[in-house]
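Descriptive analysis of the structure
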Amino acid sequence: MGSAPAQAALWGSHARTWSTTLEQRMRPLYAAALDALEPLQGRELLDAGCGSGQAVADAAARGAVVSGLDATPELLEIAGERTPSADLRAGDIQELPYGNGTFDVVTAFNSVQYAVDPAAAVAELARVCRSGGRVVIGIWGDPARCETEGLFARLRSLAPPAPGTPAPLALSDAGVVEDLLVKASLNVDGGAEVPFPITFATLDDAWRAHTSAGPLQKVISVAGADEVRRVLDAVLTADRKPDGSLRQDNVLRYVIAVKP
């Protein structure tokens, strides 16, 4: 069984907040990866785990013929509003509803790590990519350089996950994504890091944004909103920068692979 039902339940409750807050913070990752994939004019591109469709919209603006798949209907509704021409489908990243070799480019931003079986998900990305096409996976970078991992670690202490439970930085250790791509019979062909500072004007703004994401909804369902809010406020206050800003500095990265 794939991850779609569980992830849809976690990400659907505050879809519009996610689409206007944390998803927008990730746009530099989308831009960097799409820059590396140019030219995109006329190319068929699938974003697997497209969420509310910002990467789909950004690819369409570059001339790509875009498709998107996500587990969460509420997010797909927003994606459709952003890019009415996109072919958007609900489904599981481990069982993509497309034929072999359908797309020139397959992207997966902030999604593969939430699969029950990431290797199966990457194999599906490879399957639907054409020979000579490219697969791109975007994830959080080195955990040691992601201050928000400190927040996630504190939250894990409230609701200890079972081994192998999907998590934001589950695939972020060096070489993990590259190994998955190689095991899917793809040739790794580059990638880069992108700074990912997360800044909020107030602790209330931080609460609203962070709780729009599936991982925090999962912890809230176990530990309760009050306890999660206490931890969030404590971590962000401790990380307050010398200039007074509520900011956590992180890195994102993407890896490109080519299908022989």
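Since this is a predicted model, take the numbers as computed values, not measurements.

Looking at the overall build of the chain
Across its full length, the chain holds 12 helices and 9 strands. Computed over the C-alpha atoms, the radius of gyration of the chain is 18 Å, within 12% of the 18 Å expected from 2.2 N^0.38 for a compact globule of 260 residues. Dimensions of the chain, computed from the C-alpha atoms along their principal axes, are close to 50 × 40 × 35 Å. A buried classification covers 53% of the 260 residues belonging to the chain. Within the chain, contacts between residues separated by at least 24 positions form 75% of all contacts whose residues are at least 6 apart in sequence.

Regarding the packing of aromatic side chains
Per the stated rule, a full pass over the model turns up 6 aromatic pairs. Seen from their ring centres, W11 and W18 are 5.0 Å apart, and the 80° between their planes marks the pair as edge-to-face. Judged on exposure class, the residue W11 and its partner W18 are both buried. Measuring from ring centre to ring centre gives 5.7 Å for W11 and Y114, while their planes differ by 70°; the resulting arrangement is edge-to-face. Of this pair, W11 sits in helix α1 (residues 4-11) while Y114 sits in the loop between β4 (103-109) and α7 (118-127), and the two are 103 residues apart along the sequence. For the residue pair W11 and Y114, the accessibility class agrees, reading buried in each case. Ring-pair connections join several aromatic residues into one group, and the members of that group are W11, W18 and Y114.

Notes on the sheet that holds strand β3 (residues 87-90)
Through backbone hydrogen bonds, the strands of a sheet pair up, either in parallel or in antiparallel fashion. Strand order in the open sheet formed by 7 strands is β3-β2-β1-β4-β5-β9-β6, with mixed pairing between adjacent strands. Every other strand in the sheet has two partners, leaving β3 and β6 (187-195) as the edge strands with one partner each. Each neighbouring strand pair of the sheet contributes to a mean axis angle of 15°, computed without reference to strand direction. Across 5 bridges, the pairing between strand β1 (residues 44-48) and strand β2 (residues 65-70) is parallel. The residue of β2 that forms the bridge with E44 is V65. Sheet strands touched by helix α4 (residues 27-37): β1, β4, β5 (129-140), β6 and β9 (251-258). Its angle to β9, the strand with the most contacts, is close to 25°.

Considering helix α9 (residues 176-183)
Three or more residues of α9 are buried, namely V177, L180 and L181. Each buried residue of α9 lies within a common arc of 100° when the element is viewed along its axis, so the set occupies one face. Residues of α9 that are exposed and angled more than 90 degrees away from the buried face: V182 and K183. The inward-facing, buried residues of α9 contact α7, β5, β6 and β9. S185, located one to two residues past α9, shows a positive phi value of around 65°.

Looking at the pattern of salt bridges
According to the stated counting rule, one finds 18 salt bridges in the structure shown. Residues R130 and E44 are paired through a salt bridge, measuring 3.0 Å at the closest nitrogen-oxygen approach. Here R130, found in strand β5, pairs with E44, found in strand β1; they are 86 residues apart in sequence, far enough to count as distant. Notably, a salt bridge pairs E178 with R253, separated by 2.9 Å at the nearest N-O pair. Of this pair, E178 sits in helix α9 while R253 sits in strand β9, and the two are 75 residues apart along the sequence. Classification of E178 by relative accessible area gives partly exposed; the value is 22%. The exposure class assigned to R253 is buried, which follows from its relative accessible area of 12%. One network of salt bridges, with partners in common, ties together R16, E77 and E81.

Parameters and conventions
- Residues numbered from 1 in each chain as written.
- Predicted model: local features only at pLDDT ≥ 70, side-chain atom pairs only at ≥ 80, totals over all residues.
- Heavy atoms only, no water.
- Helix = DSSP H or I, 4+ residues; strand = E, 2+ residues; numbered from the N terminus.
- Rg over C-alpha atoms; globule rule 2.2 N^0.38 Å.
- Buried < 20%, exposed > 50% of the residue type's maximum accessible area, 1.4 Å probe, protein only.
- Contact = heavy atoms within 4.5 Å.
- Phe/Tyr/Trp six-rings, centres within 6.5 Å; stacked < 30°, edge-to-face > 60°.
- Pairing = 2+ DSSP bridges.
- Axes fitted to C-alpha atoms, helices over the stretch in contact; angles between N-to-C directions.
- Arc of directions from axis to C-beta.
- Salt bridge = Lys/Arg side-chain N within 4 Å of Asp/Glu carboxyl O.

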